[in-house]
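# Chain and residue survey
Spelled out from the first residue to the last, the chains are:
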Amino acid sequence: MNLKAVIFDLDGVIVFTDKFHYQAWKKMADEMGIYFDEVINNRLRGVSRMDSLEIVLEQYEGEPLSQEKKQQLADRKNETYRELLKTMTPADVSKEVRDTLREIRGRGYKISLGSSSKNAKFILERVNLLSAFDAISDGTNITKSKPEPEVFLKGAEFLGEKPENCLVVEDAEAGIEAGISGGMKTAAMGDAVKCQKADYTLTTFADLLKILI
Ligand code: BG6
Ligand code: MG
């Protein structure tokens, strides 16, 4: 094994925006009379905005919706989500995460983001963490979201590294699957641990320092 770079998912790994996604989808669903709960929200991890909408609409019992209407619903959710993101500050990133990212770089590894979110840069700016990354691959540079490996392959490409030399850090099963099909090593934390598909399991974020020696 010759790890040279690390590609981090954002939501659920670096920051915890799940609650904002939940609140924003819940508001849209309530307005449309659609049932939505935390279990459904869990299925949206790593999934693009439009694919997430399709999962939310599985509970919709009204007339078929046009593509235009679906776009409006996704836009409405995103407006609410962006308002909630504006409450984020640098205090929303733990000292452990900041110190670990700095130490990983200090040990000579390159760092990329690999997030399905089109709001990724906005979030990293809010929490003052943009400069911790050598490259950003996010929802704005991909056509297929996780479990397709595109976002991670782009991250590796932006860093100038081969996929097999990259470690993907993920909290979503779809993200671990994406890392595996991209030919990368994978480390699971949070929700992704239970699928038992990753090469490594992280109990804490700083556990990365035991892998990246
Ligand atoms: C991922 C989240 O990071 O980004 C998903 O885990 C979300 O839940 C996806 O749907 C897309 O986010 P955005 O910010 O582009 O709507
Ligand atoms: Mg995630």
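Residues numbered from 1 in each chain as written. Chains lettered and ligands numbered in written order. Predicted model: local features only at pLDDT ≥ 70, side-chain atom pairs only at ≥ 80, totals over all residues. Heavy atoms only, no water.

### A closer look at the pattern of salt bridges
- In this structure the tally under the stated criterion is 20 salt bridges.
- Of the charged contacts in the structure, one is a salt bridge between Asp-30 and Lys-26, with a shortest N-O distance of 3.3 Å. With Asp-30 and Lys-26 both in helix α1 (residues 18-32) and four residues apart, this pair spans about one turn of that helix.
- Where Lys-70 meets Glu-54, a salt bridge forms, and the shortest distance between an N and an O atom there is 3.0 Å. Of this pair, Lys-70 sits in helix α4 (residues 67-85) while Glu-54 sits in helix α3 (residues 49-56), and the two are 16 residues apart along the sequence.
- Residue Lys-70 is classed as buried on the basis of its relative accessible area of 15%.
- What you see here is one network of salt bridges that share partners, running through Asp-18, Arg-45, Asp-171, Asp-191 and Lys-194. (Salt bridge = Lys/Arg side-chain N within 4 Å of Asp/Glu carboxyl O. Helix = DSSP H or I, 4+ residues; strand = E, 2+ residues; numbered from the N terminus. Buried < 20%, exposed > 50% of the residue type's maximum accessible area, 1.4 Å probe, protein only.)

### A closer look at the domain arrangement of the chain
- The domains assigned to the chain are domain 1 (5-15 + 91-211) and domain 2 (18-85).
- With centres defined by C-alpha atoms, the gap from domain 1 to domain 2 works out at 24 Å.
- For the pairing of domain 1 and domain 2, the buried interface totals around 1100 Å² over both sides, and the portion due to carbon and sulfur atoms is 46%.
- Together, Asn-119, Phe-122 and Ser-145 form the three largest contributors to the area buried by domain 1 at its contact with domain 2, with a combined 37%.
- One salt bridge connects Arg-45 with Asp-171, and the closest N-O pair in it is separated by 3.1 Å. (Domains from an automatic or database assignment. Buried area = accessible area lost by both parts, 1.4 Å probe.)

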